[in-house]
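Chain residues, written in single-letter form:
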Amino acid sequence: RARLSSFTALTLKSSRSSAHKSIISMKQRIATFLLLSAAMANGDDSTIISYKNCDANSLPAENTSISTLNNGQFYKMCPGSHKHSNNDTFATLGQPKCGDGSNFAFYLTRPEQPQQGEQPQKVLIELSGGGACWDKGTCALQSFFLKMPPLDFVLGMSCSDVGKIAEVSEGWDILCARTVGETDFTEYNTIVIPYCTQDVHLGDAAEVLYDGTTIQHVGGHNTYRTLQWVFDNFEDPSHIVLTGCSAGATPLPVFYHMIKEHYKARGRNVKVNIISDSPVYLTPRNFLENHFQFWNHETVMKSIGFDYDTHQEDVQYASAVLDYVLDGSDDTDGIGLVSHNDDAISVMYYIAMGGDDDTKTSVQTQWWSEMNNSWSQTMNEHENFDVFIINGSGHCSSGLYFANQQPDFEKWVSNIVSSTSLIPVQQETVVMNTSVTMTAATDPTSAKTEAYESRPVESPVSPMNNTLLSSGSEIDTPSTATLKTSAGHTLVATFLCLQLCLLLG
């Protein structure tokens, strides 16, 4: 089977036959829809919506139609709290808020150029990253990320305004000001979902008590209520692109499935693509057995029909989720994943979660080997899943900033996010100087692949002193990579992190 290895911006593609792909039965689709309808009902007459936990400069999401908003201007939208009218209890996923109990909101902007007549509506959704926590110690270290990131400076600005700031800054970007290949993201309605719950956007655990410290792991509430606004305001979009960095990249397959099933249940075939940048992919046994339950992903995962009970303590949990989503995906929906082969942040979380259990192997090698095996198997089984590996040390930032610096990334990502069907890519197996066989994507018009120089992944990265996310310092790793990035950029990993970096000094 195709294997991943360290190399510079080399694309990988599966070669399995379409017959190998599992077929989701009609019975399972009906069951999934019923689960979604029952567990996640929204906007009906039985719920009362309150906006008392909204900032004064935000708009009430459920009461604000996109048609009333100006083009080319960022707005702050606050989804309300939903309570049942008959017993005064909160509706499922009905308590959007941040991890410290403060107010949550999402940001959105319409395209700067008004869409004419019946022009199809396009949507770009970006989920911010920023770590994770699962006990008193980790949540204390992550306390800054348990509140809304300071993004209000974008209010009233256009994507092009913010894009100009990004051009003269370092370490971040904004996709809605860019064209990637043939996809012009300036034509897309852009929704940014901030991250402030430390549960990779999927939690349904209000009032979690960690030795006297109360944390609201309700990321699933925040994202679901944001998606409900999307569903209400885009009844028949032509194209939706999901992207995110780190903790914002991790849940994208789950929300892909949720979005696809929502529109399919209404008879609409909406093309949805994913660009997942540096997801926290591995789930060590120690974390699954001792900490994972505190986030309570069960509500969201069961709502999409995933067999959570079987897999919740499976070290292949992330692969099981991805495989389940890909089994039910459309073959023409490109689902892409981006990663460095030497990622200090991912390795640090791997260690913190108890993943360094092989004393005979370096942690970096162990981490990469597990990623290698999982992704290779997934690519062999699903032809619409693709991986882009950057040879070097690094993590991610908003707007695919670091990936966009790599040769051939634009060509790769253009195929993933194309608003039409996936373009067939010829493949050729090449053997690099590390003696590892890899599959390289080639130009459809070319019969040969130019192999990029392969360099080995070296020794493991030590965790940073006393913190999971350290700001204002540089991560130095013993890698052969030429790419080194400021931790103030690579670790914050939130949309438009310029102001946040400035605030942190």
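What counts, and where the lines are drawn
What you see as residue numbers is a count from 1 along each chain, following the sequence as written. The predicted nature of this model means local features are confined to residues of pLDDT at least 70 and side-chain atom pairs, given and counted, to a pLDDT of 80 or more, with totals for whole chains, interfaces and linings taken over all residues. For the side-chain quantities, the full set of heavy atoms in the structure was used; hydrogens and water were omitted. Two aromatic rings from Phe, Tyr or Trp, using only the six-membered ring of Trp, form a pair when their centres are within 6.5 Å; if the ring planes differ by under 30 degrees the pair is stacked, by over 60 it is edge-to-face, and anything between is tilted. Under the scheme used here, helices are H or I runs from DSSP no shorter than 4 residues and strands are E runs no shorter than 2 residues, and both carry numbers assigned from the N terminus. Each residue is placed in one exposure class: buried if its accessible area under a 1.4 Å probe, protein chains only, is under 20% of its type's maximum, exposed if it is over 50%, and partly exposed if it falls in between. One less than the residue count of a helix, multiplied by 1.5 Å, gives the span that helix is expected to have. When a carboxyl oxygen of Asp or Glu lies within 4 Å of a side-chain nitrogen of Lys or Arg, that pair is called a salt bridge. Axes here mean lines fitted to C-alpha atoms, for a helix over just the part in contact, with angles spanning 0 to 180 degrees between N-to-C directions. Roughly parallel means an angle under 35 degrees; roughly antiparallel, over 145; roughly perpendicular, 65 to 115; everything else is oblique. What makes two residues a contact is simply this: any of their non-hydrogen atoms within 4.5 Å. In the scheme used here, Gly and all other residues not listed as nonpolar or charged are polar, with Ala, Val, Leu, Ile, Met, Phe, Trp, Tyr, Cys and Pro taken as nonpolar and Asp, Glu, Lys and Arg as charged. By the criterion applied in these results, polar contacts are pairs of N or O atoms within 3.5 Å in which, for protein atoms, one can donate a hydrogen and the other can accept it, and in which residues neighboring in sequence qualify only through two side-chain atoms. Note on pairing: two strands pair once DSSP finds at least 2 bridges between them. Put simply, a crossing is left-handed when the front helix is turned counterclockwise from the back one by less than a right angle, and right-handed when it is turned clockwise. Only a pair of cysteine sulfur atoms within 2.5 Å counts as a disulfide in this structure description.

## Some points on the packing of aromatic side chains
Given two aromatic rings, one states the distance between the centres and the angle between the planes to describe the pair.
Then step 1. Inspection of the entire model under this criterion finds 22 aromatic pairs.
Then step 2. Between Phe388 and Phe409, the aromatic rings sit 5.1 Å apart at their centres with planes inclined by 80°, giving edge-to-face as the arrangement. You can see Phe388 sitting in strand E16 (residues 385–393) and its partner Phe409 sitting in helix H12 (residues 409–416), a full 21 residues away along the chain. In this structure, Phe388 and Phe409 share a single accessibility class: buried.
Then step 3. Ring centres of Tyr401 and Phe402 lie 4.9 Å apart, and the angle between their planes is 80°; on these two criteria the pair is classed as edge-to-face. The same class applies to Tyr401 and to Phe402, which are both buried.
Then step 4. Each member of the aromatic cluster is reached from another via a ring pair, and the members are Trp134, Phe287, Phe292, Trp295, Phe306, Tyr308, Tyr317, Tyr324 and Tyr349.

## What about helix H5 (residues 252–264)?
Then step 1. Compared with the 18 Å implied by 1.5 Å per residue over 13 residues, the 18 Å span of H5 between its first and last C-alpha is a close match.
Then step 2. The element H5 is largely enclosed, with a buried count of 12 among its 13 residues.
Then step 3. Listed as buried for H5 are Leu252, Pro253, Val254, Phe255, Tyr256, His257, Met258, Ile259, Lys260, Glu261, His262 and Tyr263.

## Overview of the pattern of salt bridges
Side-chain pairs of opposite charge can arise where the charged atoms are in close proximity.
Then step 1. If you walk through the whole model with that rule in mind, you get 12 salt bridges.
Then step 2. With its nearest N and O atoms 3.2 Å apart, the salt bridge here joins Lys76 to Asp152. Taken together, the positions of Lys76 in strand E4 (residues 75–78) and Asp152 in the loop between helix H2 (136–141) and helix H3 (159–167) put the pair 76 residues apart, joining distant regions of the chain.
Then step 3. For Asp152, a relative accessible area of 31% puts it in the partly exposed group.

## What to know about the packing of helix H10 (residues 344–352) against helix H11 (residues 363–381)
Then step 1. Interhelical geometry of H10 versus H11 gives an angle of 100° and a closest axis separation of 10 Å. Comparing their axes, H11 and H10 come out roughly perpendicular. Packed against H10, whose contacting residues are Ser346, Val347, Tyr350 and Ile351, the element H11 presents Val363, Gln364, Gln366, Trp367 and Glu370 at the interface.
Then step 2. Of the residues assigned to the contact of H10 with H11, the class counts are five nonpolar, three polar and one charged.

## What about the side chain of Ser319?
Then step 1. With respect to the secondary-structure elements, Ser319 resides in helix H9 (residues 317–327).
Then step 2. The class for Ser319 is buried, based on a relative accessible area of 13%.
Then step 3. Residues contacting Ser319, with those up to four places away along its chain left out, are Tyr281 and Ser374.

## A few points about the side chain of Gln198
Then step 1. Position of Gln198 among the secondary structure elements: in the loop between strand E10 (189–193) and strand E11 (205–210).
Then step 2. Owing to a relative accessible area of 0%, Gln198 belongs among the buried residues under this scheme.
Then step 3. Of note is the side chain of Gln198, whose polar atom sits 2.9 Å from the backbone nitrogen of Ala132.
Then step 4. Excluding its chain neighbours within four sequence positions, the residues that come into contact with Gln198 are Gly130, Gly131, Ala132, Cys133, Gln142, Phe145, Leu146, His217 and Trp295.

## Topic: H9
Then step 1. Counting buried residues in H9 gives 10 out of 11 residues, a clear majority hidden from the surface.
Then step 2. Listing the buried residues of H9 in full gives Tyr317, Ala318, Ser319, Ala320, Val321, Leu322, Tyr324, Val325, Leu326 and Asp327.

## What to know about the pairing of strand E6 (residues 106–109)
Then step 1. Residues Phe106 and Leu108 point to one face of E6 and Tyr107 and Thr109 to the other, with burial holding for every one of them.
Then step 2. Direction of pairing for E4 relative to E6: antiparallel, over a ladder of three bridges. Bridging across to E6, Met77 finds its partner in Phe106.

## Some thoughts on the packing of helix H4 (residues 219–233) against H5
Relative orientation and spacing of two packed helices are given, respectively, by the angle between their axes and the distance between those axes.
Then step 1. In contact at an axis separation of 12 Å, H4 and H5 are set at 35° when each is read in the N-to-C sense. Read as a crossing pair, H4 and H5 show a hand that is right-handed. Residues Thr223, Tyr224, Leu227, Val230 and Phe231 of H4 form the contact with H5, whose participating residues are Phe255, Met258, Ile259, His262 and Tyr263.
Then step 2. Grouping the constituent residues of the contact of H4 with H5 by class yields eight nonpolar, two polar and no charged.

## Comments concerning the state of the cysteines
Then step 1. Taken as a whole and judged by the stated rule, the model has five disulfides.
Then step 2. Each sulfur in the disulfide pair Cys98 and Cys196 lies 2.2 Å from the other. Looking along the S-S bond of the Cys98-Cys196 disulfide, the torsion reads about -85°, which is the left-handed sense. Taken as a pair, Cys98 in the loop between strand E5 (81–84) and E6 and Cys196 in the loop between E10 and E11 lie far apart in primary sequence, 98 residues in all.
Then step 3. Classification of Cys98 as buried rests on a relative accessible area of 0%.
Then step 4. What links to what in the protein chain: the bonded cysteines, counted in sequence order, pair as 1-2, 3-8, 4-5, 6-7, 9-10.

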